[in-house]
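Observations on chain architecture
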Amino acid sequence: MAYRAPDDAGENLMDHSYDGIQEYDNPTPSWWHGLFWASIVFAAVYTAFWHFSEFSWSVHDMHRHQEAMHYKKLFGALGDLKPDEATMLKMMSDEKWRMVGSTIFAANCTQCHAGDGGGINGPNLTDDAYLNVRTLEDMYAIVTKGNVPKGMPAWENRLQANERILVAAYAASLRGARAASPRPPEGEVIAPWPAASPIPGG
Amino acid sequence: MSDSNVRATASAGPIEQRGMGFRSRPHRRSDAEPGAVEAFTYNDAIVRKFMLATVVWGLVGMLAGLFIAVQLTVPQLSFGLEWLTFGRLRPLHTNAVIFAFAGNAIFTAIYYSTQRLCRARMFSDLLGNLHFWGWQLIIVAAAVTLPLGFTQAKEYAELEWPIDIAIAVVWVGFFGVNFFGTLARRRERHMYVALWFYIATIVTVAVLHVFNSLAVVAGPLKSYSVYAGVQDAVMQWGYGHNAVAFFLTTPFLGLMYYFLPKAAERPVFSYRLSIVHFWSLVFLYIWAGPHHLHYTALPAWASTLGMLFSLMLWMPSWGGMINGLLTLRGAWSRVVTDPVLKFFVLGVTFYGMSTFEGPMLSIKSINALSHYTDWTIGHVHGGALGWNGFMTFGMIYWLMPRLFQTPLWSRRLAEWHFWLGTLGIFAYWISMQWAGITQGLMWRAFDDSGALRHPDFVETVRAILPMYWVRAVGGSMYLAGLAMFALNFAMTWKARPAQYDTPVQSAPALRRGYVDPPTPESPLTSVMETGKKVERFFALHWHRRWERLPFRFTVWVVVAVVVASLFEIVPTFLIRSNVPTIATVRPYTPLEVVGRDLYVAEGCYNCHSQMIRPIRAETVRYGEYSKPGEFVYDHPFQWGSRRIGPDLQRVGGKYSHDWHVRHLEDPRQMVAGSIMPAYAHLLEKEIAFRTVQPHVRALAMVGTPYSREDIDGAEEAARVQARAIAAELENQGGYAGLETKQVVALVAYLQRLGMDLHAAPEEEPETPAAAAMKEDGR
């Protein structure tokens, strides 16, 4: 059964025909008009609020705010850490901060040092041999300044000081852990870290 | 059919004035004297050619699409061949589907319907053939150059300058002249709405193509965009978005306005709606380009314009959908049985869905999630497969019996095509929305401690691989439908008569001195004259007059389109505050230029963005958000639109040279689960040092501040830096002997990316004169 439109009798059919195509003289639907005008009004209000009122904020303001809140959440309890041996040892043994360090490690370090620290084209972090590192402070220094000619990037412009301390502590804590396919030792065997650090799964 | 007959039918209806007042009225016409009746035939041979090309390129383009879709799950499918990597084949797929498949479909529609709507043969058979063969040659040139890595790296405008020039010549010189020539020789006084859309298509595509492609030539198949960074992005997405508008929307609306009422044998729902939605669409579309650049280094006002005009576009787009669907009133019973109408109904419905999803995705906060994800990919395929594909299939199923003058070979197969295609589109669209939302949410997820939940990017890729398989299945179904379509096409063609029947048409020529029927008085009585004028304006009688004046009509279309450019593009170029200068941002070194050329040639932008948005999850993952001033030497910009791999804006210094070389040689050796193709050929191929100097010189011509010494010494500087990097590489991991290989140049470029922001400020100029010059330059 064909649907019969109210205007099907042809009374508001227009007089022209193009290759047999005719057109009705129907009004545009009112909901169509309504939404079209609504979108225009919305555009005016939106512009007035976001670009001409003092109550608005920019994406950059928003980002600054988010960044501040984020650091507060991450490190509010820590304050500004000092990259000294005591702090490093504390961060190596505190399971909560070690976990935070591990996510920084996962985001930035695993592609050269491997997820378990065994090393891919970056040195193995699980053995006792180190390049450029003698102390825990050196660990922080190499993360911060890198050893660019040899391939270790400098992270001082990429990570906050706290983040660098946490990731250095995490990397140091991997010493002695078991790696799936460790790179052979490079550099010199150095003395153990000052106090025994807990090595989960090691 | 004599002219007096035509007139008799035209004025046959009842005379009283009702409705919106477009009814026939008694009036005197000074051309009451009919012109001499002329006999002519339609040129359908050219339409058959375009139709065949549509089918062939459809198969090619979509097969390429399926291949690269499967590559994303099985990256080994590039077989280690540089010509088959995703980065080089994806532009081939998009160009083939847009310009070859949809392009030839547009020409089929325009060449068939324009002749009939104008009651005139196409202006020139020769121009038609030049247009046809020229366009096919351009497609072949694209299919050869893109896999070879010749590209301008601007999405949907990748083709290098000689092909760009050919496109302009074929489009304007052959197609445009042929079309407007036909309009000039028409025997139908007024232009039907389909022709308005064709006019908008032809002029706007010409303007967009020419201005986006402006470049300085650096070699036989190498050029640099005259625009850089933010400006290039605005131009490119003004183009990219409006390729969708004026290549994939307006011509298909024209197609719909002709073929849908023809197939349904029903009058169009509303003439008034045609007028309103045509002009609002043409005017509003152009402004919406910046919605592709939300949260980027684009100025905020441009982003807002992009979003708001996209929202305002919702109803003008739906005006087309309404006019299509409501034209079917009284023909719905036939939709059940007629495959042509089935394709049209679904095509128009997909248009409605895409033009709802589009404005929604342009809302900044939604875009923050959807941008760089597969949601966008799903969105465009809903439009391309559903709207462009199905309207094309509907049209060709309708044309086949008429142009091959024999019944369609198999209606059943057409039904199968319809259902397979429909299911395929849904599988494709929904899987990509799913993948996009999943990945978008994973990128931004933080755990309770405030750390990223998925710090390793490849995790977010692994999570959506199952959806990639669903997409491939959906695409295969659609392609299988297309194969059935091609078979039906071939078999119907085979059954054609030995000689096509060419009926002779006759129509009176148009005469000069036509006088429009008098505009009826405003029914308003107790208002001021201005009120009456406003009422008359909205009654739209003036438009009827425009419809018989193609030149004036075209001029107003150009005005509608150009206004947006004045408001959006010009300020972006002229107002300094839009791109604040950063003193430490320096031009690329000659070797980095070579590396950047390689980045462009390999199509890295197809998977990697170079644009970190000021969104916390992003600055945690990638580093400081991108600033407009960082891109002032980027000809072309390489912000990208999809992150199949991670952002690279601050990758400089993040990895060692050694890591990059190993990773390029075999990505999975360094990143387990990576879906990046291997680029081992970069370790084999030599840097073309002799092109360094012309390339640097061309970059100087587009405004990069290289001195004469920089240009003269470019090749030597490149060699020196390459040797230094090769030495560092050897020092790092044992790769030796790479000092003349391409990989060294690419590494030089990658290591530079994003570094300038934190670079030490340049040393003070030594002489007072230099200081003064510097002061002046500021």
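Residues numbered from 1 in each chain as written. Chains lettered and ligands numbered in written order. Predicted model: local features only at pLDDT ≥ 70, side-chain atom pairs only at ≥ 80, totals over all residues. Heavy atoms only, no water.

1. Examining the overall build of chain B
Condition: Going along the chain from the N terminus, every DSSP run of H or I of four or more residues is numbered as a helix, and every run of E of two or more is numbered as a strand. Radius of gyration: C-alpha atoms only; globule rule: 2.2 Å multiplied by the number of residues to the exponent 0.38. Residue contacts are counted whenever heavy atoms from the two residues lie within 4.5 Å of one another. Computed with the Shrake-Rupley method and a 1.4 Å probe, the accessible areas treat only the protein chains shown as cover for residues.
Helix and strand content of chain B: 30 helices and four strands. Relative to its length of 778 residues, chain B is compact, with a C-alpha radius of gyration of 28 Å against a globular reference of 28 Å. Projected onto the principal axes, the alpha-carbon positions of chain B cover approximately 90 × 60 × 55 Å. For chain B, the proportion of contacts with a sequence separation of at least 24, taken over those separated by at least 6, is 81%. Surface summary for chain B: the accessible area is close to 28,900 Å², and the carbon and sulfur share equals 65%.

2. As for the overall build of chain A
Rules: The buried label goes to any residue with under 20% of its type's maximum accessible area, the exposed label to any with over 50%, and the partly exposed label to all in between, with areas taken from a 1.4 Å probe on protein chains only.
Along chain A, the regular secondary structure elements total seven helices and four strands. Helices (α) and strands (β) of chain A occur, in sequence order from the N terminus, as β-β-α-α-α-α-α-β-α-α-β. Computed over C-alpha atoms, the radius of gyration of chain A comes to 32 Å, more than 25% over the 17 Å expected from 2.2 N^0.38 for 202 residues, which places it beyond the range of a compact globule. Along the first, second and third principal axes, the C-alpha atoms of chain A reach 100 × 45 × 35 Å. Counting over 202 residues, chain A shows a buried share of 44%. Nonlocal contacts in chain A, meaning residues at least 24 apart in sequence, comprise 60% of its contacts between residues at least 6 apart. Of the roughly 10,400 Å² of accessible surface on chain A, 60% is carried by carbon and sulfur atoms.

3. Focus on helix α2 (residues 59-75) of chain A
Filter applied, for reference: Residue count minus one, scaled by 1.5 Å, sets the expected span of a helix. In this description, the arc belongs to the directions extending from the helix axis to the C-beta atoms.
The end-to-end C-alpha separation of α2(A) is 24 Å, in line with the 24 Å expected for 17 residues at 1.5 Å each. The complete set of buried residues in α2(A) reads His63(A), His70(A), Leu74(A) and Phe75(A). Looking straight down α2(A), one finds that the buried residues subtend no more than 95 degrees of arc, so they occupy a single side. Of the exposed residues in α2(A), those oriented more than 90 degrees away from the buried face are Lys72(A) and Lys73(A). Contacts made by the buried residues of α2(A) are with α4 (95-108) and α7 (161-173) of chain A together with α22 (616-622) of chain B.

4. Considering the interface of chain A and chain B
Basically, it comes down to this: By buried area we mean how much accessible surface two parts lose on assembly, using a 1.4 Å probe and totalling the loss over both. What counts as a salt bridge is simple: a side-chain nitrogen of Lys or Arg found within 4 Å of a carboxyl oxygen of Asp or Glu. Two N or O atoms form a polar contact when they lie within 3.5 Å of each other; inside protein one atom must be a possible hydrogen donor and the other a possible acceptor, and for residues adjacent in sequence the pair counts only when both atoms belong to side chains.
Between chain A and chain B, the contact holds 62 residues from the first and 84 residues from the second. Contact with chain B buries area across many residues of chain A, yet Tyr18(A), Trp32(A) and Gln111(A) alone supply 11% of it, more than any other trio. A salt bridge links Glu67(A) to Arg616(B); the shortest N-O distance between them is 3.6 Å. Viewed at the interface, chain B and chain A are joined by 26 residue pairs in polar contact (both at pLDDT 80 or more). Elements that contribute at least two residues to the side of chain A that touches chain B include exactly β1 (13-18), β2 (21-24), α1 (30-52), α2, α4 and α5 (110-113) of chain A. Examining the composition of the side of chain A that touches chain B, we find that 11 residues originate from one element, α1(A), more than from any other.

5. Points about the packing of aromatic side chains
Residues and elements named next belong to chain B. Stated precisely, the cut-off is as follows: Centres within 6.5 Å make a pair out of two Phe, Tyr or Trp rings, where for Trp the six-membered ring is used; the pair is then stacked when the planes are under 30 degrees apart, edge-to-face when over 60, and tilted otherwise.
Enumeration over the complete set of coordinates arrives at 76 aromatic pairs over all chains. Both rings, one in Phe 343 and one in Phe 393, keep their centres 5.9 Å apart while their planes meet at 75 degrees; by these two values the pair is edge-to-face. Here Phe 343, found in helix α12 (residues 339-362), pairs with Phe 393, found in helix α14 (residues 374-403); they are 50 residues apart in sequence, far enough to count as distant. Both residues of the pair, Phe 343 and Phe 393, belong to the buried class.

6. Let's talk about the pattern of salt bridges
All names here are of chain B. Scanning the model with the defined rule gives 39 salt bridges over all chains in all. Residue Arg 187 is joined to Glu 38 by a salt bridge in which the shortest nitrogen-to-oxygen separation is 2.6 Å. Here Glu 38 lies in strand β1 (residues 37-40) and Arg 187 lies in the loop between α5 (161-184) and α6 (193-212), a separation of 149 residues in the sequence. The salt bridge partner of Asp 44 is Arg 116, with a shortest N-O separation of 3.0 Å. Pair noted here: Asp 44 is in the loop between β1 and α2 (45-71) and Arg 116 is in helix α3 (residues 86-118), with a separation of 72 residues, a long-range link.

7. Thoughts on the packing of α14(B) against helix α15 (residues 411-444) of chain B
Residue and element names in this part refer to chain B. Note the following rule: For helices, the fitted line uses only the C-alpha atoms of the stretch in contact; every axis is such a line through C-alpha atoms, and the angle between N-to-C directions lies from 0 to 180 degrees. Under this scheme an angle from 65 to 115 degrees is roughly perpendicular, one under 35 degrees roughly parallel, and one over 145 degrees roughly antiparallel; angles in between are oblique. Each helix crossing is assigned a hand: it is left-handed if the near helix lies turned anticlockwise from the far helix by less than a right angle, otherwise right-handed if that turn is clockwise. Throughout this entry, Asp, Glu, Lys and Arg are counted as charged residues, while Ala, Val, Leu, Ile, Met, Phe, Trp, Tyr, Cys and Pro are counted as nonpolar. The remaining residues, Gly among them, count as polar.
Here α14 crosses α15 at 165 degrees, and the two axes come no closer than 7 Å. Accordingly, the angle class assigned to the pair α14 and α15 is roughly antiparallel. Pair α14 / α15 crosses with left-handed handedness. Each residue belonging to the contact of α14 with α15 can be placed in one class, and the counts come to 14 nonpolar, 10 polar and one charged.

8. Observations regarding the confidence of the model for chain A
Rules: Think of pLDDT as the predictor's per-residue confidence, scored from 0 to 100.
Within chain A, residue pLDDT values average 88, and 91% of them lie at 70 or more. When the elements of chain A are averaged for pLDDT, α4(A) gives the smallest value, 89, and α1(A) the largest, 96.

9. Considering helix α26 (residues 692-701) of chain B
All names here are of chain B. Within the sequence span of α26, burial applies to Val 692, His 695, Val 696, Ala 698 and Leu 699. One side of α26 holds all its buried residues, which, seen down the axis, span an arc of 160 degrees. Where α26 is buried, its residues contact β2 (215-219), β3 (222-225), α21 (590-601), α27 (708-712) and α28 (714-733). Just past α26, the residue Gly 703 takes up positive phi, approximately 110 degrees.

10. Some details on the side chain of Thr126(A)
Residues and elements named next belong to chain A. Position of Thr 126 among the secondary structure elements: in the loop between α5 and β3 (129-130). Overall, the relative accessible area of 8% leaves Thr 126 in the buried class. In terms of polar contacts, Thr 126 uses its side chain to reach the side chain of Asn 124, at 2.6 Å. If sequence neighbours within four positions are ignored, Thr 126 has contacts with Asp 116, Gly 117, Gly 118, Leu 174, Arg 175, Gly 176, Ala 177 and Ala 179.

11. Describing a nonpolar patch on the surface
All names here are of chain B. The line we're drawing: Only residues whose relative accessible area exceeds 30% and that take part in no salt bridge are eligible for patches, with like-charged residues grouped when within 9 Å of each other and nonpolar side chains (Val, Leu, Ile, Met, Phe, Trp, Tyr) grouped when within 5 Å.
A cluster of nonpolar residues, Val 558, Val 562, Leu 566, Phe 567, Val 570, Phe 573, Leu 574 and Ile 575, forms a patch on the protein surface that exposes about 690 Å² of accessible area. Looking at where Val 570 falls in the secondary structure, it is placed in helix α20 (residues 550-574). Judged by relative accessible area, Val 570 falls into the partly exposed class, the value being 34%.

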